[in-house]
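Now for the letters of each chain:
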Amino acid sequence: MSAVSGIMTVVDEDSFWQLIEQCSPSDPDPDPDADQLAEALTEALAVGPVSTIRGFAEQLAWALYRLDRREFGKDMSADAFLYTRCAVVADGRAVYESVLADPTLFAPYANGLVWAESLLYVPDEAHLELTGQEWDRSTRYDYETGSNTDGWAEG
């Protein structure tokens, strides 16, 4: 299954991370905001079908939701925390899972204000490119800061 060639139709967690890996720049992205990754993901998803774009949006929302926890974002603004969580996702599955397992690994992202806001717009831009229509999307999980009430519960 090659996501980049547009053959992927179902986006489960494994294929989501494969797509992130396949679309990641081979050289370090000179733009710290992961714009090259976002552009490559948009291009890959824009070949369709729409179900792939929707699946990507669901997996992205789930990944961001899982990082929406007090121990990661308690001292950050809502937007900075969201964009920083995007940067963790943009760095791939191994980094993402390491951060989930060890919250201290989130600190370099937060302290360095490492953001990847452009990742948020990938599904919308791919949908527009594919269909010519804006997408008023919703996902099962809300990735906005504080949405994961269990992650923000006092411990």
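This text goes with the structure placed above it.
Residues numbered from 1 in each chain as written. Predicted model: local features only at pLDDT ≥ 70, side-chain atom pairs only at ≥ 80, totals over all residues. Heavy atoms only, no water.

Chemist: I'm lost on the overall build of the protein chain in this one. Help?
Modeler: For the protein chain, the helix and strand inventory stands at 9 helices and 0 strands. When burial is assessed residue by residue, the protein chain has 44% of its 155 residues classed as buried. For the protein chain, the proportion of contacts with a sequence separation of at least 24, taken over those separated by at least 6, is 70%. Accessible surface for the protein chain amounts to roughly 8000 Å². Of this, 49% is attributable to carbon and sulfur atoms. (Helix = DSSP H or I, 4+ residues; strand = E, 2+ residues; numbered from the N terminus. Buried < 20%, exposed > 50% of the residue type's maximum accessible area, 1.4 Å probe, protein only. Contact = heavy atoms within 4.5 Å. Areas by Shrake-Rupley, 256 points an atom, 1.4 Å probe, with all protein chains shown as cover.)

Chemist: What is the right way to read helix 5 (residues 78-90) from this model?
Modeler: Because each turn of an α-helix spans 3.6 residues, side chains separated by three or four positions in sequence point in the same direction. With 13 residues, helix 5 extends 19 Å from end C-alpha to end C-alpha; this agrees with the ideal 18 Å at 1.5 Å per step. What helix 5 keeps buried is the set Ala80, Phe81, Leu82, Tyr83, Thr84, Arg85, Cys86, Ala87, Val88, Val89 and Ala90. One or two steps after helix 5, the chain reaches Gly92, where phi turns positive at roughly 100°. (Expected span 1.5 Å × (residues − 1).)

Chemist: What's the story with the pattern of salt bridges in this structure? I'm lost.
Modeler: Close approach of charged atoms allows side chains with opposite charge to pair. This model, assessed by the stated rule, comprises 6 salt bridges. Close ionic contact of Arg93 with Glu97 constitutes a salt bridge, the shortest N to O distance being 3.0 Å. Within this pair, Arg93 and its partner Glu97 are both found in helix 6 (residues 93-101), separated by 4 residues, close to a single helical turn. Its relative accessible area of 38% is what places Glu97 among the partly exposed residues. One salt bridge in this structure joins Asp124 and Arg137, with 3.0 Å as the shortest N-O distance. Of this pair, Asp124 sits in helix 8 (residues 122-131) while Arg137 sits in the loop between helix 8 and helix 9 (149-152), and the two are 13 residues apart along the sequence. The buried category is assigned to Arg137, whose relative accessible area is 17%. (Salt bridge = Lys/Arg side-chain N within 4 Å of Asp/Glu carboxyl O.)

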